[in-house]
Amino acid sequence: MSRVSEPEFEQALNELTSTLAPFLEKNPSYEKALKIVQIPERIITFRVVWEDDKGEAQVNRGYRVQFNSALGPYKGGLRLHPSVNLSILKFLGFEQIFKNALTGLSIGGGKGGCDFDPKGKTDNEIRKFCYAFMQELSRHIGPLTDVPAGDIGVGGREVGFLFGAYKKYTNSFSGILTGKGLSFGGSHIRPEATGYGLVYYVSWMIKHVEGAEAGWKGKKVLISGSGNVAQYAAEKVIALGGVVLSLSDSKGTLLSTSPEGFTNADIAAIGPMKVAHKSLTDYHQSTSELKSKFTYHAGARPWALVEKADVALPSATQNEISEDEAKALVKAGVKYVAEGSNMGSTQEAIDVFEATRTSAKAVGDVVWYAPGKASNAGGVAVSGLEMSQNSARIQWTREEVDEKLQTIMEKCYNNCFETGSKYTKETGSALPSLVAGANIAGFVLVADAMKAQGDWW
Ligand code: NDP
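Procedures and definitions
Residues numbered from 1 in each chain as written. Predicted model: local features only at pLDDT ≥ 70, side-chain atom pairs only at ≥ 80, totals over all residues. Heavy atoms only, no water. Buried < 20%, exposed > 50% of the residue type's maximum accessible area, 1.4 Å probe, protein only. Helix = DSSP H or I, 4+ residues; strand = E, 2+ residues; numbered from the N terminus. Pairing = 2+ DSSP bridges. Near = heavy atom within 4 Å. Polar contact = N/O pair within 3.5 Å; in protein donor to acceptor, adjacent residues only side chain to side chain. Areas by Shrake-Rupley, 256 points an atom, 1.4 Å probe, with all protein chains shown as cover. Nonpolar A, V, L, I, M, F, W, Y, C, P; charged D, E, K, R; others polar. Axes fitted to C-alpha atoms, helices over the stretch in contact; angles between N-to-C directions. Contact = heavy atoms within 4.5 Å. Parallel < 35°, antiparallel > 145°, perpendicular 65-115°, else oblique. Expected span 1.5 Å × (residues − 1). Core = buried A, V, L, I, M, F, W, Y, C linked by side-chain atoms within 4.5 Å.

**As for the pairing of strand β4 (residues 109–114)**
- Most of β4 is tucked away: 6 of the 6 residues are buried.
- On β4, burial covers both faces: G109, K111 and G113 on one face and G110, G112 and C114 on the other are all buried.
- Sheet analysis places strand β2 (residues 57–68) next to β4, joined by 6 bridges and oriented antiparallel. Among the inter-strand pairings, G62 is bridged to a residue of β4, identified as C114.
- Here strand β3 (residues 74–80) runs beside β4; their pairing, made up of 3 bridges, is parallel. Residue pairing for β4: L80 is matched across the bridge by C114.

**Side note on the site of the ligand**
- Lining the immediate surroundings of the ligand are 25 residues, of which K119, D151, T194, S250 and K274 lie closest.
- One of the side-chain nitrogen or oxygen atoms of R190 is found 3.1 Å away from an oxygen atom of the ligand.
- Between the ligand and the protein, one listed contact pairs an oxygen atom with a side-chain N or O atom of T194 at 2.7 Å.
- Considering the ligand on its own, with 890 Å² of exposed area, one finds that the protein chains cover 83% of that surface.
- The set of elements that each furnish at least two residues to the shell around the ligand consists of α6 (190–210), α7 (228–239) and β7 (243–249).
- Class assignment for the residues of the shell around the ligand results in 3 nonpolar, 15 polar and 7 charged.

**With respect to the sheet that holds β3**
- The mixed open sheet is built from 5 strands, whose spatial order is β1-β2-β4-β3-β5. Edge positions in the sheet fall to β1 (42–51) and β5 (146–149), since each has one partner strand and no second. The mean inter-strand angle of the sheet, taken between neighbouring strand axes irrespective of direction, is 20 degrees.
- In this fold helix α4 (residues 123–137) packs onto β1, β2, β3, β4 and β5, with an angle of close to 140 degrees to the strand it touches most, β1.

**Section: the packing of helix α3 (residues 86–102) against helix α16 (residues 434–452)**
- Look at α3 against α16: their axes get within 8 Å of each other, and the N-to-C directions meet at 85 degrees. By the criterion of interaxial angle, the relationship of α3 to α16 is roughly perpendicular. On the side of α3, the interface is formed by I97, F98, A101 and L102, while α16 contributes A438, A441, G442, F443, L445 and V446.
- Split into classes, the residues belonging to the contact of α3 with α16 amount to 9 nonpolar, 1 polar and no charged.

**Some words on α3**
- For α3, with 17 residues, the first-to-last C-alpha span of 24 Å sits near the 24 Å given by 1.5 Å per residue.
- Across the 17 residues of α3, 16 count as buried, placing the element largely inside the fold.
- Sitting at the amino-terminal end of α3 is N85, which places a side-chain oxygen 3.1 Å from the backbone nitrogen of S87.

**Some words on the sheet that holds strand β8 (residues 252–256)**
- Strand order in this open sheet of 7 strands is β9-β8-β7-β6-β10-β11-β12, and the pairing throughout is mixed. The strands lining the two open edges of the sheet, one partner per strand, are β9 (294–298) and β12 (368–370). The average angle at which neighbouring strand axes cross in this sheet is 15 degrees, direction not considered.

**Points about the environment of I39**
- Counting through the fold element by element, I39 comes out in the loop between α2 (30–37) and β1.
- Remark: the alpha-carbon pair of I39 and L78, spanning 39 residues in sequence, is separated by 20 Å.

**A short note on the nonpolar core**
- Y201 and L313 are the most contacted members of the largest nonpolar core, which totals 56 residues.
- Considering each element in turn, this core owes the most residues, 9 residues, to α6.
- With near-sequence residues (within four places) excluded, Y201 lies in contact with A370, A374, S375, M409, C412, Y413, C416 and L434.
- Counting 35 residues, the second largest nonpolar core, distinct from the first, contains L20, F67, L89 and V446.

Quick look at the structure:
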């Protein structure tokens, strides 16, 4: 059978398949579910013609992958980035199915986006693009069918434009997107949710290894990215007493040279700069104080830049930790790696981390790895809560949503830990595999719902 090469999707599929092996050995009938779940229920591709500020027509390719609706309406973000293609959206949609299952909420998996590059575009062009994109997408989504959200290049501004466009094209005000503004159906904590949830997840990893009283105090933390996920992960790490050593973007890494690391003031200043698509160099160069407080490493990612760190939180994009960078993290004494990004680590990097788990004599020798589909599930979890609030026409307080997010991340962690313990105990490893735990737990939930609905037998 000839197949179109889809490297990112095949990588995500191989990661899932390889870790399912101990489960499938004991439950061979689920091989059929695996064969079926890897094909999207539907893929929509479409032309997006929009008008730039000169009045000229521009054209891009738009997509929505409606991957799996066994557990609820398709749910997953929209990515606007020139690299967007079907392989990337299929990998993201595939990951999303099992991530959404791990939240325990009624949400299926999907992903979409466009190869439109928001960088260098005016607000007016972004608005025109969003309207053109939604003109076609609006035919395929709906509060009971498919509820997109943000991802790379799509934040509050874009979600607002997309929501407004949907409302005009369909004459209905409904919860068809999450990440909306608070005044038109958004949820408190949705912008923060992925970053906060990531930190909550790692808090449980730390407790397991270092004891119930242990936390982030004094931990040196490497973070990549400086967008939505990275900013709020940094904010929460700082709030819990950790030291944020780095942030990065597509051009390079900013490394703190001060013992306190990045401060809340740094994060608050970087946020609006990123909405305006400026780079971290602009921030670094803006005052002489900042020039001496940070060093800038053009073209570099953070992982091999420091001699000592405790935690690594990749939060920019896929495949952002290579095998060599994983080895550098091990050498620097990092004990916890948890992905804010989707598929942040290459398979070779995961193998480096997982090898420390199986070879370690004591838990303290492990570089414990949490895959994005578990550790970054907080974003979609609060999106699920936004859908619940929209259905009930209510708005919970910030505290209520944060508490629910914390509970979901704790349950997600426990599910990964317990399922990992059940299927990876026989290796005699010091700690269970959270990647196997996440994959098996998510897969079984989805496969069982598919079977009950007659998708396989
Ligand atoms: P943003 O667009 O807000 O930020 C993305 C950040 O990553 C920016 O700093 C950007 O740099 C950097 N980046 C993007 N592409 C590359 C690249 N090819 N190489 C190096 N750096 C890059 O996106 P988010 O923070 O929302 O998303 C970050 C990651 O988290 C993605 O993998 C996304 O799928 C994942 N995620 C996001 C969720 C959410 O709720 N937003 C939920 C779960 C996962 P620059 O500024 O230079 O463009």
